[in-house]
Amino acid sequence: MSTLTREETESLIQEVLEVYPEKAKKDRAKHLAVNDQSIEQSKKCITSNRKSQPGVMTIRGCAYAGSRGVVWGPVKDMIHISHGPVGCGQYSRGGRRNYYVGATGVNTFAEINFTSDFQEKDIVFGGDKKLAKIMQEIEQLFPLHKGISVQSECPIGLIGDDIEAVSKKAAKEMNKVVVPVRCEGFRGVSQSLGHHIANDAIRDWVLSNRDGQHFESTPYDVTIIGDYNIGGDAWASRIFLEEMGLRVIAQWSGDGTIAEMENTPKAKLNLLHCYRSMNYISRHMEEKYGIPWMEYNFFGPTKIEESLRRIAAFFDDSIKEKCEAVIAKYKPMMQAVIDKYKPRLQGKKVMLYVGGLRPRHVIGAYEDLGMEVVGTGYEFAHGDDYDRTIKEMGNATLLYDDVTGFELEEFVKRIKPDLVGSGIKEKYIFQKMGIPFRQMHSWDYSGPYHGYDGFAIFARDMDMTLNNPCWGKQTPPWKKSADADEVKAAA
Amino acid sequence: MANIMIRKTAEGGLSFYLPKRDLEDNIVSIEFDQADKWGGELKLANGGTYYVDPMDAPPKLPISVRAKRVDAPE
């Protein structure tokens, strides 16, 4: 199908909004927009980070998910206690496939669910004693852990437990880091506030722990911030940063450790991948420690080259030279990938709907393969994310914020993209509708997609999904028209 | 009153960041920018104006300060 014009996209939005009652329609209209690259401030065209309407189906998470699942969860050598009833922790352990190296249960714990399993009596009498006991047990059973974080679930905030006091006492007894995180699920409108709360907890309880201590530093110390190592993403990024001559002293937080986090203030430059979840701590470090930060994008060779040159610009000529050498080394490999897959994917249209970063970051990778992103949107982005998105997207393409299940389905039915990239919950709806789908939340159990190595896998996966023969087999043989049979007979 | 952060941009100008409102914009003019006085009214690229209590010397950037909204477009 051909690309929609601005008027057509606008009328599509109006048509989809038609089913809502007056009040809901007015509210939802603010979250849907037609992209206009001339707009500098996204606030003029799209509203974001607002409470979802009751009664519509959206796919947001809660503050607890943002802190336990995203920011703290991947820190591998700490034990993260899901403080509260058992369910929240069970559904947020290791589900994002944040890969790490280590012996699980001995010195790394990212995949295990630790919970205080609240019962009625804990709600009535308070859970502080239980928490203190859990920490003692952890110390006995898992002596190689390097610290504990207490991830509050909703009841903790409601009954007013003093987890800070318990944590301080336990930290003194164990002589390890214990971080209380006030990330109760009811805070904020989405997981985004959970990221912020988790960042603030790192700021208050972790970052200054090694201030004034000696650190063997080099002029080329950098950190990878906001890369959760999904399917090995951070490893695929790290290897060519090291090839460039930089020393990666910390990974936040995929395959990360508490020691790395404590050493981060000694870095010379913070490299920020997921702006949405970790810009807060980067801004704080810039103010307190004077460490500059920059956003980079390691999806697709075009964006990688751009990012690598911008990273190298912070350092001396030796790094710049090596940066060019790295780019030159991988160029032929990337060209081979593009030569192989571009003819198979050229001109295909993609609609995206993911969390807080990928809806704009992966656009470059699709464009490298000759594909076009015709619609994009975020679950929990803020205005500054849309500011950055507007420039990446083509004119008259569709933007949708915190889209509802109904809206996304209708948009897909009308725009008829060749591929939808979205989260776990949307996957089967679209596959049953007969539209090729990639789960872009944790790479559909594939990956890594970051970096040069990741791009080759990304291209293969997109081809595997789009050109899968199953999409031509949706009509059962007994429903096939006579024409099709004749064609077959003639052939 | 709101907590804001002022930082230098890559281009050498100043940028204004108000986390509560997700507002990040360039500062087009600052009332006092002298060796002995810094602050006052900040005019933003989006047309808004904020007031920061003047300081005795230009601070080390970035800096978090309290700012008062004088006039904002939205």
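Residues numbered from 1 in each chain as written. Chains lettered and ligands numbered in written order. Predicted model: local features only at pLDDT ≥ 70, side-chain atom pairs only at ≥ 80, totals over all residues. Heavy atoms only, no water.

Right, let's talk about the overall build of chain A for a bit. Of regular secondary structure, chain A possesses 21 helices and 14 strands. Computed over the C-alpha atoms, the radius of gyration of chain A is 24 Å, within 12% of the 23 Å expected from 2.2 N^0.38 for a compact globule of 491 residues. Dimensions of chain A, computed from the C-alpha atoms along their principal axes, are close to 80 × 60 × 50 Å. Within the span of chain A, comprising 491 residues, buried residues form 56% of the whole. Accessible surface, chain A: about 20,500 Å² in total, of which carbon and sulfur atoms supply 54%. (Helix = DSSP H or I, 4+ residues; strand = E, 2+ residues; numbered from the N terminus. Rg over C-alpha atoms; globule rule 2.2 N^0.38 Å. Buried < 20%, exposed > 50% of the residue type's maximum accessible area, 1.4 Å probe, protein only. Areas by Shrake-Rupley, 256 points an atom, 1.4 Å probe, with all protein chains shown as cover.)

Before going further, it helps to spend a moment on the domain arrangement of chain A. By a frequent convention, interface size equals the accessible area lost on bringing the separate parts together. All names here are of chain A. Domain parsing of chain A yields domain 1 (1–60 + 343–490), domain 2 (63–207) and domain 3 (221–334). Measuring from the centre of the C-alpha atoms in domain 2 to the corresponding centre in domain 3 gives 28 Å. Each side of the interface is counted separately: domain 2 has 23 residues, and domain 3 has 25 residues. Between domain 2 and domain 3, roughly 2,200 Å² of surface is buried when both sides are summed, and carbon and sulfur atoms account for 66% of that area. Looking at the side of domain 2 facing domain 3, the largest losses of area belong to Tyr99, Asn199 and Leu207, adding up to 29% of the total buried there. The interface formed by domain 2 and domain 3 includes 1 salt bridge. A salt bridge links Lys76 to Asp255; the shortest N-O distance between them is 2.9 Å. Between the two partners, domain 2 and domain 3, sit 10 residue pairs in polar contact (both at pLDDT 80 or more). Listed by contribution, the elements that provide at least two residues to the side of domain 2 that touches domain 3 are helix 3 (63–72) and helix 9 (191–205). (Domains from an automatic or database assignment. Contact = heavy atoms within 4.5 Å. Buried area = accessible area lost by both parts, 1.4 Å probe. Salt bridge = Lys/Arg side-chain N within 4 Å of Asp/Glu carboxyl O. Polar contact = N/O pair within 3.5 Å; in protein donor to acceptor, adjacent residues only side chain to side chain.)

Another aspect to go through is the nonpolar core. Residues and elements named next belong to chain A. Judged by nonpolar contacts, the single largest core of 90 residues is most densely connected at Trp72, Trp252, Leu308, Ile311 and Tyr366. No other element matches the 10 residues that helix 14 (residues 317–345) contributes to this core. Excluding its chain neighbours within four sequence positions, the residues that come into contact with Ile311 are Leu241, Met244, Leu246, Leu269, Leu271, Met294, Tyr296 and Phe298. (Core = buried A, V, L, I, M, F, W, Y, C linked by side-chain atoms within 4.5 Å.)

Attention now goes to the interface of chain A and chain B. Each partner contributes to the interface: chain A provides 13 residues, whereas chain B provides 14 residues. Here chain A and chain B share an interface that buries about 1,300 Å² over both sides, 37% of which is from carbon and sulfur atoms. Contact with chain B buries area across many residues of chain A, yet Lys43, Arg283 and Glu287 of chain A alone supply 47% of it, more than any other trio. The tally of links from chain A across to chain B stands at 3 salt bridges.

With numbering aligned to this structure, UniProt lists the feature "domain: Nitrogenase/oxidoreductase component" (unreviewed entry) at residues 62–466 of chain A. Helix makes up 48% of residues 62–466 of chain A and strand 16%. Its end C-alpha atoms lie 33 Å apart. (UniProt positions renumbered as here; feature names shortened; annotations may be inferred.)

Looking now at the sheet that holds strand 2 (residues 78–83) of chain A. All names here are of chain A. With respect to topology, 4 strands assemble into an open sheet ordered 3-2-4-5, the strand pairing being parallel. Among the strands making up the open sheet, the edge pair consists of strand 3 (114–115) and strand 5 (177–181). The sheet contact formed by strand 2 and strand 4 (residues 147–152) spans 6 bridges and is parallel. By the bridge assignment for strand 4, Met78 is matched with Gly147. Strands strand 2, strand 3, strand 4 and strand 5 of the sheet are contacted by helix 6 (residues 128–141), whose axis makes an angle of about 155° with strand 2. Helix 8 (residues 163–174) contacts strand 2, strand 4 and strand 5 of the sheet and is inclined by roughly 170° relative to strand 5. (Pairing = 2+ DSSP bridges. Axes fitted to C-alpha atoms, helices over the stretch in contact; angles between N-to-C directions.)

Our focus in this paragraph is the packing of helix 3 of chain A against helix 9 of chain A. Residue and element names in this part refer to chain A. One can describe the packing of helix 3 onto helix 9 by two numbers: an axis separation of 6 Å at closest approach and a directional angle of 55°. When the axis of helix 3 is compared with that of helix 9, the two are oblique. Two packed elements cross with a definite hand, and for helix 3 against helix 9 that hand is right-handed. The segment helix 3 lies against helix 9, with Ala63, Gly66, Ser67, Val70, Val71 and Trp72 engaging Gln191, Gly194, His195, Ala198, Asn199, Ala201 and Ile202. For the contact of helix 3 with helix 9, the class distribution of residues is 7 nonpolar, 6 polar and no charged. (Parallel < 35°, antiparallel > 145°, perpendicular 65-115°, else oblique. Left-handed = near helix turned anticlockwise from the far one by under 90°. Nonpolar A, V, L, I, M, F, W, Y, C, P; charged D, E, K, R; others polar.)

Turning our attention to helix 2 (residues 22–29) of chain A. An α-helix turns once every 3.6 residues. As a result, residues three or four positions apart point the same way. Residues and elements named next belong to chain A. When helix 2 is considered as a whole, its buried residues turn out to be Ala24, Lys25 and Arg28. Viewed end-on, helix 2 has its buried residues packed into an arc of 100°, placing them on one side of the element. Exposed positions of helix 2 whose direction lies more than 90 degrees from the buried face are Glu22, Lys23 and Lys26. Summarising the contacts, the buried residues of helix 2 are in contact with helix 1 (6–17), strand 1 (32–34), strand 12 (398–401) and helix 18 (405–415). (Arc of directions from axis to C-beta.)

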